[in-house]
Amino acid sequence: MLGNGRYPAELRERAVRMVLDNERLYGSQWEAICSVAEKLGPTPETVRLWVRRAEIDGGTRPGVTTAERARIKELEGENRELRRANEILKAASAFFG
């Protein structure tokens, strides 16, 4: 669900679930994030980023999902390879032409 990092996926998912399930008990989502961060250890900003990513991936917040970002990265890699292959072909055709 959430990207790799220094914290285990289970902790990231638990933190996000705790924020989203309990934010109505706090004055704001940020207060919920700060509370969860204090209980689990990561910084509030780290938890905020996890929550934002989960909201985007869940379709409740606009943005590029994790799956879309992975696909874009994959396509960019393929594009680089094709450009290299084109350069090789151009050099070969100039050499043999």
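Residues numbered from 1 in each chain as written. Predicted model: local features only at pLDDT ≥ 70, side-chain atom pairs only at ≥ 80, totals over all residues. Heavy atoms only, no water.

Peer 1: Just checking my understanding: could you explain the packing of aromatic side chains for this structure?
Peer 2: Between two aromatic rings, the relevant description is the distance of the centres plus the angle of the planes. Inspection of the entire model under this criterion finds 2 aromatic pairs. When the centroid spacing of 5.4 Å and the interplanar angle of 80° are considered together, the rings of Tyr-7 and Trp-50 count as edge-to-face. With Tyr-7 in the segment before α1 (9-22) and Trp-50 in helix α3 (residues 44-58), the pair connects residues that are 43 residues apart, well separated along the chain. Accessibility expressed as a relative area gives 19% for Tyr-7, which makes it buried. The buried category is assigned to Trp-50, whose relative accessible area is 10%. Residues Phe-95 and Phe-96 carry aromatic rings whose centres are separated by 5.1 Å and whose planes lie at 80° to one another, so their mutual orientation is edge-to-face. Of the two residues, Phe-95 and Phe-96, neither departs from the other in class, the shared state being exposed. (Phe/Tyr/Trp six-rings, centres within 6.5 Å; stacked < 30°, edge-to-face > 60°. Helix = DSSP H or I, 4+ residues; strand = E, 2+ residues; numbered from the N terminus. Buried < 20%, exposed > 50% of the residue type's maximum accessible area, 1.4 Å probe, protein only.)

Peer 1: Sorry if this is basic, but what is going on with the packing of α1 against α3 here?
Peer 2: The relative placement of two packed helices comes down to the angle between their axes together with the axis-to-axis distance. Packing of α1 against α3 brings their axes to within 9 Å, and their N-to-C directions diverge by 80°. Taken together, the axis directions place α1 and α3 in an arrangement best described as roughly perpendicular. Contacts between α1 and α3 involve Leu-11, Arg-12, Ala-15, Val-16, Val-19 and Leu-20 from the first element and Val-47, Trp-50, Val-51, Ala-54 and Glu-55 from the second. When its residues are assigned to classes, the contact of α1 with α3 shows 9 nonpolar, no polar and 2 charged. (Axes fitted to C-alpha atoms, helices over the stretch in contact; angles between N-to-C directions. Parallel < 35°, antiparallel > 145°, perpendicular 65-115°, else oblique. Contact = heavy atoms within 4.5 Å. Nonpolar A, V, L, I, M, F, W, Y, C, P; charged D, E, K, R; others polar.)

Peer 1: How should I be thinking about the environment of Ala-94 in this particular structure?
Peer 2: Positionally, Ala-94 belongs in helix α4 (residues 66-96). The exposure class assigned to Ala-94 is exposed, which follows from its relative accessible area of 59%. Taking C-alpha positions, Ala-94 is 61 Å from Ile-33, a pair spaced 61 residues apart along the chain.

Any link to function would need more than the numbers given here.
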